[in-house]
Amino acid sequence: MSGHAVKDVNLNNNSRGIWLVKVPKFLQREWSQYKESTEVGRLTITKHPQKRSSNIAFSLNETLESVKKMPRQHKFIQHDLKQCLGVISETVDTTPGCEPGSTKVSLEGKIIQKFECQPVMDADYVRLKQEVMRAAATPLRTSIAIDRPINVFKPISRHQHTLEDRDRSSNVNKNFRADRDKVLEMIFAAFEKHQYYNIKDLQKITKQPITFLKEILTEVCSYNMKAPHRNTWELKPEYRHYTKQEEQALD
Amino acid sequence: MSSHINQAQLLPKVTEYTVRVPKNVKKKYHMMRFHNANGVNFKNWNTAKMERENNYKEFKSLDDDQPKYGAGSEFGREQRDEARRKRYGINIKKYKADDQPWLLTVKDKNSGVATDKKFKGIREGGVSDNVAWYVFVQAKDGAFEAYPVEEWYNFQPIHRYKSLNAEEAEKEFERRDKIMNYFSVMYQKKRNEDDEADAEEGSKKKASASKAFQLSEMDDWMSDQDSDDDGDEDAEEKLEKKPKKKGGKPSKFVKKHGGKRRRREDGESGTDCEEESDEYDEGAEHEYVSEDSSDPEHEDDEKVTKEMAGVEDDTAMKKLLNSDDEDDENEENKDEDKEDQDENDDEKNKKKKDSSSDLSDSSDDEKPKNKDPKKGDSAPRNADILKRKIAENPDGLMPASKKQRPEGPVTPAPVLPSDSGMFEDQIRRYLVRKPMTTTEILQKLKSKKTGHGSEQLVDIIAVMLKKINPQKQRVKGKMYLSLKSLNG
């Protein structure tokens, strides 16, 4: 139950302000590809002296190879926050002596502003959208022409290995009546482990013919015909090694 | 890009930041969402503890709680269940602690030790379906670092109070009803007082008021029949089941059922209230309906009850024909009186009414009359005619009727319709088949829908009976008419 341990939250950064930015999926795809820390772009914040709000633009780093096909210019649109949003981080605990997979939790800060990163409608963006549409329009399954017919085998009901199996089982599965006391001993030993047994299982355990087994079972066992342990045999109360209360408690 | 540069040249304040995407596999960022009303301020947090809610027990109990060995265990059960699951393609998900909701306990700096705030954060799906969310954190060198947000958790305060379980809620709900009941008890009490006052003073006024919305003489007659059997349990039940209909025309009803209704309220008011509490249409608002309300809906309802009571026409006529029944009735009433102290008053009222109605019988018809259930005025009028006509029969075995009224202007002269031959044939047929009372004949002919009103029918039957001159037998105080068949 390592996952349920109580963790102290690191509150060192509780007064830090953080931006929450909504980013289009193609940017996320791009950004999650990078193997190491990368500079992905530049934020330009333009403050008008007259107005209260400021313009924020975001341009992708053009030195990166994969960015060339993407719309590079983006604008940040500000949305008002309607809820109280906090950011927590979970870090895998690597300190020696703690359980593998356990994490440390720390509060990273409070969201102070919420932005939507929106690409500017330019030729690059239109091209991207066209590609997306084209990709969506292509069917997932396509037909392929084959040059020669594929071999299909006719089904057989009797395979060689099943025949062998049957021969073996017909020889082995001949059950002979053993000594009655021995069978009883085996039955009691079995019923010490579990309370309920199906007759097929008992037959496998004792290796007795089913009629003979049934004879013995009707003497020492009773047959359950009702729901929770249907079609099973259990020992009659006088043969049991556990008391009734115990059984009920376990039930 | 160029426009940007231009803008930047024009405007004084332009700052540029680089944005980095750091790669840290071990650190994952999540969002915590609080409602504004919860008043969460991270700066005030002194200590905070988080843990995953432990739902393992619930998960396990869903799976199974059977013992693996010993008493109660079944051999090979797990394998069999596994095989069964495989056969049906059921995949059981494993329990993951990291998928469970967060439990957050916060101690504020300002408040004391005792006031921990507790929140439960449930993971939300669908937030990042079509967009990606990043948090931009300013690093020490001034550049922004963008981290992807993995999960969103919606944190809600955990209630400190205990909520009611189903049974407790049920109990409380019942109590809510009971409060209503106290009100209705008081209300009933008040109404009873009002009723008594009304019965003494305003009975005459009410009578005229009720008269105003009676459609015809027939209405009066039938509704009287409706109310006429005091001892009848069915009628009582019917009335109780239709409190709305009762309320629809309160003045008329109360007057007609005068004695009976009040007795019910007085004597059994306790049980009454309890009964009514189960239904929402209990008699609370009915009384506010004005007395002269001629609401079409209620009018319809009244008609329905009348139609349902139509069978009782027969009994009414019977009573009037064999007037000694009345005495029995009175005796019955007296028996009830012994049980009910309050009914004594009613009985007195009834007697008063009896006498008054007797008086009115002999006097002019249009005078406002008491509508005692047994001795409605217009009701006996029809029957009286029939009775008298039979009495005029030379062979009539009927005792002379108690009260014979002089021929009023209301009673129409017996006009035989053109299809009287048909009537004669039918009556003959009925009488040949089995002995019948006059009321039964009337009933039969009524059901034929001949197009005549029952008043007319009574006349026709009287004339026909005179013409046919059947044999008469008295069985159990009722006169049966019969005819020998022509063949036999």
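It should be noted that the structure appears before, not after, this text.
Just so it is clear, the structure is predicted and the values come from calculations on it, not from any experiment.

Caption draft 1: Layout of the overall build of chain A. Check the secondary structure of chain A and you find seven helices and 10 strands. Taken over 251 residues, chain A has a buried fraction of 36%. When contacts within chain A are restricted to residue pairs at least 6 apart in sequence, those whose partners lie at least 24 apart make up 58%. Carbon and sulfur atoms provide 52% of the accessible area of chain A, an area that totals close to 17000 Å².

Caption draft 2: Up close: helix 17 (residues 420–433) of chain B. Taking 1.5 Å of rise per residue, the 14 residues of helix 17 of chain B would be expected to cover 20 Å, and the 20 Å separating its terminal C-alpha atoms lies within 8% of that figure. Looking at the packing, one finds that the buried side of helix 17 of chain B touches helix 18 (438–447), helix 19 (454–468) and strand 10 (478–482) of chain B.

Caption draft 3: Molecular detail of the interface of chain A and chain B. The interface of chain A with chain B comprises 74 residues on the first partner and 69 residues on the second. With both chains or domains summed, chain A and chain B bury close to 6700 Å², and 61% of this area falls on carbon and sulfur atoms. Three residues stand out in chain A for area buried against chain B, namely H4, I88 and E90 of chain A, and they jointly supply 10% of the buried area on that side. Where chain A packs against chain B, one counts four salt bridges. Across the pair E90 of chain A and R52 of chain B runs a salt bridge whose closest N-O atoms are separated by 3.8 Å. At 10 residues, the largest contribution of residues to the side of chain A that touches chain B is made by strand 3 (residues 38–47) of chain A. Residues belonging to the side of chain A that touches chain B are distributed by class as follows: 33 nonpolar, 22 polar and 19 charged. Where strand 8 (residues 194–196) of chain A lies against strand 4 (residues 70–74) of chain B, two bridges are found, and the strand directions are parallel. Its bridge partner being in strand 4 of chain B, H194 of chain A is matched across the sheet by G70 of chain B.

Caption draft 4: View of the packing of aromatic side chains. For the structure shown, the criterion picks out 24 aromatic pairs over all chains. Both rings, one in F76 of chain A and one in F136 of chain B, keep their centres 6.0 Å apart while their planes meet at 65°; by these two values the pair is edge-to-face. Taken as a pair, F76 of chain A in strand 5 (residues 73–79) and F136 of chain B in strand 7 (residues 132–138) lie in two separate chains rather than in one. With centroids separated by 5.4 Å and ring planes inclined at 70°, the aromatic side chains of W133 of chain B and W152 of chain B adopt a geometry described as edge-to-face. Taken together, the positions of W133 of chain B in strand 7 and W152 of chain B in strand 8 (residues 144–157) put the pair 19 residues apart, joining distant regions of the chain. Each member of the pair, W133 of chain B as well as W152 of chain B, carries the same accessibility label: buried. The rings of W19, W31, F58, F76 and F115 of chain A together with Y17, Y134, F136 and F144 of chain B are connected pair by pair, giving a single aromatic cluster.

Caption draft 5: Quick look at the packing of helix 4 (residues 180–193) of chain A against helix 5 (residues 199–206) of chain A. Residue and element names in this part refer to chain A. One way to put it is that helix 4 packs onto helix 5 with a least axis distance of 10 Å and a crossing angle of 120°. Between helix 4 and helix 5, the crossing angle belongs to the class labelled oblique. You can see that helix 4 and helix 5 cross each other, and the crossing is right-handed. Mapping the contact onto sequence places M186, I187, A190 and F191 in helix 4 and L202, I205 and T206 in helix 5. Looking at the contact of helix 4 with helix 5 residue by residue, the class counts come to six nonpolar, one polar and no charged.

Caption draft 6: The arrangement of the environment of Y242 of chain A in detail. Relative to the assigned elements, Y242 of chain A resides in the loop between strand 10 (232–235) and helix 7 (244–250). C-alpha of Y242 of chain A to C-alpha of Q195 of chain A: the two residues are 47 residues apart in sequence and 9.8 Å apart in space.

Caption draft 7: Seen up close, the pairing of strand 9 (residues 471–475) of chain B. Residues and elements named next belong to chain B. Where strand 9 lies against strand 10, five bridges are found, and the strand directions are antiparallel. Residue pairing for strand 10: Q471 is matched across the bridge by S482. Counted along the chain from strand 9 to the antiparallel partner strand 10, the turn is two residues long, and its residue K476 has a positive phi close to 55°.

Caption draft 8: Quick look at the nonpolar core. In terms of nonpolar packing, the biggest core is built from 28 residues, with W19, W31, L43, F58 and F76 of chain A together with F136 of chain B touching the most fellow members. Excluding anything up to four places from it in sequence, W19 of chain A contacts L43, I45, I56, I111, I112, Q113 and F115 of chain A together with Y134, V135, F136 and F144 of chain B. Counting 19 residues, the second-largest nonpolar core is a separate cluster that includes V9 and C84 of chain A together with F42 and A48 of chain B.

Caption draft 9: View of the pattern of salt bridges. Enumeration according to the criterion identifies 24 salt bridges over all chains in this entry. Of the charged contacts in the structure, one is a salt bridge between K117 of chain B and D108 of chain B, with a shortest N-O distance of 3.6 Å. Look at K117 of chain B and you get partly exposed, because its relative accessible area is 33%. Under the relative-accessibility criterion, D108 of chain B is labelled buried at 18%. Several salt bridges share partner residues, and in doing so they unite D201 of chain A together with E74, R77, R80 and D81 of chain B into one network.

Caption draft 10: Seen up close, helix 4 of chain A. With 14 residues, helix 4 of chain A extends 21 Å between its outermost C-alpha atoms, agreeing within 8% with the 20 Å of an ideal straight helix rising 1.5 Å per residue. Buried-residue contacts for helix 4 of chain A involve strand 8, helix 5, helix 6 (210–220), strand 9 (221–224) and strand 10 of chain A.

Caption draft 11: Unusual backbone geometry, seen in detail. For N231 of chain A, which is not a glycine, the phi torsion comes out positive at approximately 60°. Mapped onto the fold, N231 of chain A is located in the loop between strand 9 and strand 10. According to the relative accessible area criterion, N231 of chain A is partly exposed, its value standing at 37%. Phi at N469 of chain B takes a positive value of approximately 55°, unusual for a residue other than glycine.

Caption draft 12: Representation of a positive patch on the surface. All names here are of chain B. Positive charge collects at one region of the surface, where R429, R433, K434, K444 and K448 lie side by side. Relative to the helices and strands, R429 resides in helix 17. Accessibility expressed as a relative area gives 46% for R429, which makes it partly exposed.

Caption draft 13: Focus on the packing of helix 5 of chain A against helix 6 of chain A. Residue and element names in this part refer to chain A. At a minimum axis separation of 10 Å, helix 5 and helix 6 run at an interaxial angle of 110°. Relative to helix 6, helix 5 is oriented roughly perpendicular. For the pair helix 5 and helix 6, contact is made by I199, L202, Q203 and T206 and by I210, L213, K214 and L217, respectively. Residues belonging to the contact of helix 5 with helix 6 are distributed by class as follows: five nonpolar, two polar and one charged.

The rules behind the values
- Residues numbered from 1 in each chain as written.
- Chains lettered and ligands numbered in written order.
- Predicted model: local features only at pLDDT ≥ 70, side-chain atom pairs only at ≥ 80, totals over all residues.
- Heavy atoms only, no water.
- Helix = DSSP H or I, 4+ residues; strand = E, 2+ residues; numbered from the N terminus.
- Buried < 20%, exposed > 50% of the residue type's maximum accessible area, 1.4 Å probe, protein only.
- Contact = heavy atoms within 4.5 Å.
- Areas by Shrake-Rupley, 256 points an atom, 1.4 Å probe, with all protein chains shown as cover.
- Expected span 1.5 Å × (residues − 1).
- Buried area = accessible area lost by both parts, 1.4 Å probe.
- Salt bridge = Lys/Arg side-chain N within 4 Å of Asp/Glu carboxyl O.
- Nonpolar A, V, L, I, M, F, W, Y, C, P; charged D, E, K, R; others polar.
- Pairing = 2+ DSSP bridges.
- Phe/Tyr/Trp six-rings, centres within 6.5 Å; stacked < 30°, edge-to-face > 60°.
- Axes fitted to C-alpha atoms, helices over the stretch in contact; angles between N-to-C directions.
- Parallel < 35°, antiparallel > 145°, perpendicular 65-115°, else oblique.
- Left-handed = near helix turned anticlockwise from the far one by under 90°.
- Core = buried A, V, L, I, M, F, W, Y, C linked by side-chain atoms within 4.5 Å.
- Patch = residues over 30% accessible without salt bridge, like charges linked within 9 Å, V, L, I, M, F, W, Y side chains within 5 Å.
- Lys, Arg positive; Asp, Glu negative; His and termini not counted.
- Charge placed at Lys NZ, Arg CZ, Asp CG, Glu CD.

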